Amino acid sequence: MDANLRDRVRELLEAGGGEPLEGGRFLPLVTLESGARVGLDSAGTWVFAPDGGAAQVFAPGRGQVFFEVLESRRDDFDAGIEAAARAAGLPAEEVAFSFPATDVVRAVLAKGLPTMTRLALSWLRLTEVRALRAEIAAVSRDPTMPAAIRDLAERLTVPE
């Protein structure tokens, strides 16, 4: 995330925006069907706050914590982030692009669960496919995956 955006989020939260979070505040941007909220903390880090559960901060390698976002339509998820960012006076596209979509999908693909793999592959934007080329190619060759999922991965595999 850009330092200017991170500073703007921090200023917003320090002024009392957002909502309390263990040890600070966070700006919820999207509420998922389960009631879980996804947003940014004062460090500009993405947070997953399940309804009634402990919030978890995103870190590379822990993208599976955010797997639930894959259950929402990607257009709706991105539109929710953008609308909430605009309402908070933040640059909508910049906030949406800062969401670690490829890391979340990478973590889900690593689990090798067919249903979640299909959701993850379907959730990707074409602009994100190249960053996940190796992982998608591995899915296309995985004999334990159903043929329809391997075929989807094959169609998404882009040349180097």
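Residues numbered from 1 in each chain as written. Predicted model: local features only at pLDDT ≥ 70, side-chain atom pairs only at ≥ 80, totals over all residues. Heavy atoms only, no water.

Enquirer: Please clarify how the pairing of strand β3 (residues 37–41) should be interpreted in this entry.
Expert: Looking along a regular strand, one sees side chains alternate from face to face of the sheet. Of all five residues in β3, five are buried, a share of seventy percent or more. Judged from the five bridges that link them, strand β2 (residues 24–31) and β3 form a sheet pairing that is antiparallel. For Leu27, the partnering residue across the bridge sits in β3 and is Leu40. Relative to strand β4 (residues 46–49), β3 runs antiparallel, the two sharing four bridges. From the neighbouring strand, Arg37 faces β4, where its bridge partner is Ala49. (Buried < 20%, exposed > 50% of the residue type's maximum accessible area, 1.4 Å probe, protein only. Helix = DSSP H or I, 4+ residues; strand = E, 2+ residues; numbered from the N terminus. Pairing = 2+ DSSP bridges.)

Enquirer: Could you clarify how one ought to interpret helix α5 (residues 114–123) in this entry?
Expert: Helical periodicity: at 3.6 residues per turn, an α-helix aligns residues three or four positions apart in one direction. Buried residues of α5: Met116, Thr117, Leu119, Ala120, Leu121 and Trp123, and no others. Where α5 is buried, its residues meet α2 (74–87), α4 (101–111), α7 (133–141) and α8 (147–156). (Contact = heavy atoms within 4.5 Å.)

Enquirer: Just to check I follow, could you spell out the pairing of β4 for this structure?
Expert: Every second residue of β4 is oriented toward a common face, with Trp46 and Phe48 on one face and Val47 and Ala49 on the other, all of them buried. Hairpin connection of β3 to β4: four residues between the antiparallel strands, including Gly44 at a positive phi of 80°. Bridge count for β4 against strand β5 (residues 56–57) is two bridges, and the pairing is antiparallel. In the sheet register, Val47 faces β5, and the bridge partner there is Val57. Taken together, β4 and the strand that follows it, β5, pair antiparallel across an intervening segment of six residues, in which Gly52 is found at a positive phi of about 80°.

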